[in-house]
Amino acid sequence: MKMEKDPNDQTGSYVHAGEAFDRDMNYIPDRITSDGSSPWHVEAGRYRLAVSRACPWANRTIISRRLLGLEDAISMAVAGPTHDKRSWTFDLDPGGKDPVLGIERLQQAYFARYPDYPRGITVPAMVDVPTGGVVTNDFNRITLDFATQWTDFHREGAPDLYPEAQRGEIDELNHWVLHHVNNGVYKTGFAGSQETYEKAYTDLWASLDALEDRLSRSRYLMGPALTEADVRLFPTLVRFDPVYHSHFKANRQPLASMPNLWNYTKDLFQTPGFGDTVDFQHIKEHYYVVQTDLNPTQIVPLGPDTSIFLEPHDRDRFDTDTWGPGGTAPLPPKSDEVVDPAHTPLHPTGR
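Just so you know, these numbers come straight off a predicted model, no measurement behind them.

Peer 1: Looking at this structure, I do not really get the side chain of Thr 236. What am I missing?
Peer 2: Relative to the elements of secondary structure, Thr 236 occurs in helix α7 (residues 228–247). Classification of Thr 236 as buried rests on a relative accessible area of 3%. Those residues in contact with Thr 236, other than ones at most four positions away along the chain, are Val 181, Asn 182, Val 185 and Tyr 244.

Peer 1: Explain the environment of Gly 45 here, please?
Peer 2: The topology assignment puts Gly 45 in the loop between β2 (40–41) and β3 (47–52). Taking C-alpha positions, Gly 45 is 39 Å from Val 15, a pair spaced 30 residues apart along the chain. Look past the residues within four positions of Gly 45 in its chain and what remains in contact with it is Ala 73 and Val 129.

Peer 1: It is not clear to me how the packing of aromatic side chains should be interpreted in this structure. Could you clarify?
Peer 2: Between two aromatic rings, the relevant description is the distance of the centres plus the angle of the planes. This model, assessed by the stated rule, comprises 26 aromatic pairs. With centroids separated by 6.0 Å and ring planes inclined at 55°, the aromatic side chains of Trp 150 and Phe 153 adopt a geometry described as tilted. Taking 5.5 Å as the distance between ring centres and 90° as the angle between the ring planes, the aromatic pair formed by Tyr 244 and Tyr 287 counts as edge-to-face. You can see Tyr 244 sitting in helix α7 and its partner Tyr 287 sitting in helix α9 (residues 280–290), a full 43 residues away along the chain. Here Tyr 244 falls in the buried class, since its relative accessible area comes to 0%. With a relative accessible area of 0%, Tyr 287 lands in the buried category. Connected via pairs of aromatic rings, a cluster forms that spans Tyr 14, Phe 21, Tyr 27, Trp 57, Phe 139, Tyr 186, Phe 190, Trp 205, Phe 240, Tyr 244, Phe 248 and Tyr 287. Sitting over the face of the ring of Tyr 186, Arg 23 holds its NZ or CZ atom 4.6 Å from the ring centroid.

Peer 1: Help me understand helix α8 (residues 259–269), please; the structure alone is not making it clear to me.
Peer 2: Structural remark: α-helix, 3.6 residues per turn; residues separated by three or four positions point the same way. Most of α8 sits inside the fold, with 10 of its 11 residues counted as buried. Those residues of α8 hidden inside the fold are in contact with α6 (194–214), α7 and α9.

Peer 1: Teacher, can you tell me more about the nonpolar core here?
Peer 2: Counting 95 residues, the largest nonpolar core has Leu 106, Met 126, Phe 146, Trp 150, Tyr 186 and Phe 240 as its most contacted members. Setting aside its immediate chain neighbours within four residues, Trp 150 contacts Ile 32, Val 42, Glu 43, Ala 44, Tyr 47, Leu 70, Ala 73, Ile 74, Met 126 and Asp 145.

Peer 1: In this structure, what is going on with the sheet that holds strand β6 (residues 133–136)? I would like to understand it.
Peer 2: Two strands in a sheet stick together by hydrogen bonds in their backbones, pointing the same way (parallel) or opposite ways (antiparallel). As summarised here, the arrangement of the 4 strands in space is β4-β3-β5-β6, forming an open sheet in which the pairing is mixed. Both outer strands of the open sheet, β4 (75–79) and β6, are each paired with one neighbouring strand and no more. Averaged over neighbouring strand pairs, the angle between their axes works out to 35° when direction is ignored. Relative to β6, strand β5 (residues 125–128) runs antiparallel, the two sharing 3 bridges. Each residue of the ladder has a partner; that of Val 127, found in β6, is Val 134. Helix-sheet contacts for helix α1 (residues 56–68) involve β3 and β4, and the interaxial angle to β3 is about 130°.

Peer 1: Where do I start with unusual backbone geometry in this structure?
Peer 2: Backbone phi values are negative for most residues with the exception of glycine, while trans is the configuration of most peptide bonds. Of note, the amide linkage connecting Val 123 to Pro 124 takes the cis form, showing an omega dihedral of 0°. Look at the link from Gly 303 to Pro 304: it is a cis peptide, with omega at 0°. You can see Pro 304 is positioned in the segment after α9.

Peer 1: Can you walk me through the pattern of salt bridges in this structure?
Peer 2: Close approach of charged atoms allows side chains of opposite charge to pair. All told, the structure shown has 19 salt bridges when counted by the stated rule. Two residues, Arg 141 and Asp 145, come together in a salt bridge whose shortest N-O distance is 3.2 Å. Of this pair, Arg 141 and Asp 145 are both found in helix α3 (residues 139–148), 4 residues apart, which corresponds to roughly one turn of the helix. When its relative accessible area of 5% is taken as the criterion, Asp 145 is described as buried. Several salt bridges share partner residues, and in doing so they unite Arg 31, Arg 141 and Asp 145 into one network.

Peer 1: I tried to follow the pairing of β5 on my own but got confused; where do I start?
Peer 2: The side chains of a regular strand alternate, residue by residue, between the two faces of the sheet. Of the two faces of β5, the one holding Ala 125 and Val 127 and the one holding Met 126 and Asp 128 are both buried throughout. Bridging between β3 and β5 involves 4 bridges; their strand directions are antiparallel. Across the sheet, the residue bridging to Tyr 47 is Asp 128, located in β5. Hairpin geometry of β5 and β6 is characterised by an intervening segment of 4 residues between the two adjacent antiparallel strands and by a positive phi of about 75° at Gly 132.

Peer 1: For this particular structure, what's the right way to read the packing of α6 against α8?
Peer 2: When two helices pack together, their arrangement is captured by the angle between the axes and the distance separating the axes. Taken N-terminus to C-terminus, the directions of α6 and α8 make an angle of 75°; their axes are 7 Å apart at the nearest point. Between α6 and α8, the angle falls in the class roughly perpendicular. Contacts between α6 and α8 involve Leu 208, Leu 211 and Glu 212 from the first element and Pro 259, Asn 260 and Leu 261 from the second. The residue makeup of the contact of α6 with α8, split by class, is 4 nonpolar, 1 polar and 1 charged.

Peer 1: How should α9 be read in this particular structure?
Peer 2: Counting buried positions over the 11 residues of α9 gives 8, a clear majority of the element. Within α9, the full set of buried residues consists of Phe 280, His 282, Ile 283, Lys 284, His 286, Tyr 287, Tyr 288 and Val 290. The secondary structure elements touched by the buried residues of α9 are α1, α5 (184–189), α7 and α8. Its side-chain oxygen placed 3.2 Å from the backbone nitrogen of Gln 281, Asp 279 serves as the N-cap of α9.

Conventions adopted
- Residues numbered from 1 in each chain as written.
- Predicted model: local features only at pLDDT ≥ 70, side-chain atom pairs only at ≥ 80, totals over all residues.
- Heavy atoms only, no water.
- Helix = DSSP H or I, 4+ residues; strand = E, 2+ residues; numbered from the N terminus.
- Buried < 20%, exposed > 50% of the residue type's maximum accessible area, 1.4 Å probe, protein only.
- Contact = heavy atoms within 4.5 Å.
- Phe/Tyr/Trp six-rings, centres within 6.5 Å; stacked < 30°, edge-to-face > 60°.
- Lys NZ or Arg CZ within 6 Å of the ring centre and 35° of its normal.
- Core = buried A, V, L, I, M, F, W, Y, C linked by side-chain atoms within 4.5 Å.
- Pairing = 2+ DSSP bridges.
- Axes fitted to C-alpha atoms, helices over the stretch in contact; angles between N-to-C directions.
- Salt bridge = Lys/Arg side-chain N within 4 Å of Asp/Glu carboxyl O.
- Parallel < 35°, antiparallel > 145°, perpendicular 65-115°, else oblique.
- Nonpolar A, V, L, I, M, F, W, Y, C, P; charged D, E, K, R; others polar.
- Polar contact = N/O pair within 3.5 Å; in protein donor to acceptor, adjacent residues only side chain to side chain.

If you want it as structure tokens, here you go:
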């Protein structure tokens, strides 16, 4: 008798024997704009940002939305940390359905627009609430548009995360970080041979060494103020010791042994809008439970002790203008968006 394969078994989804990891970078290219250059217009309350706190690509959109104060203009649907081959699911919500979109799976939003959508159902995704259809999942573009197209809805004191004078340099750095660090950890972890693993591992650590050097000269990647570049690097760094160091075999040394990168990570974690978006339990559950190619037992490690993210840092030795001219820190998270206190060392309070 033929045994049916468990639909939750994702063995073979991430690692392909003998092959290097090649991320499919073909995303829905639509944009939500304020100038009429696309059919999707900026409009408060119209769109819902679908995320999982486990995902680093989604984490950057949560951070950007917080820093810019877009919470009331763009609502947020939070999927659980684990998923099967079909889709992320809204199992954290009562009844297992997102309360605004009324769907159990993010897949339903993709199929509402593209019934035969052939690619992965990814977060982050911007969903059009009236139609229930996905607008875009282009994570590289979403945060840039938050910074440049949603300005009418930015909070008072919102930082300029994508200053015009620095855009060329930010774009160049972001492209490099994406391929060598953000995706570099995945190339290392999902390598299908010793050769491809060693190549990815070597490139990843050369890139981290370059960032260690860069951060020896300024508080943030672009100087004294936060920018889009910091928003994109932080989600990888905050996951490094809890996940990538062991699970992805990126184990030359823990990030905590690199003084500039580690103090920079602690500094950002303690900065409003960064650490208060991080759910360490969701992060660990996602990688260790879903990626059975790497962890067939699905055992989730208890460590590390995340209280170390609250230890003092030395980054205030540099010239600092964290929020830029006229900028201020964001308010605490909305009460219904506070990370479970059991999943973070911050134990934040809502508003």
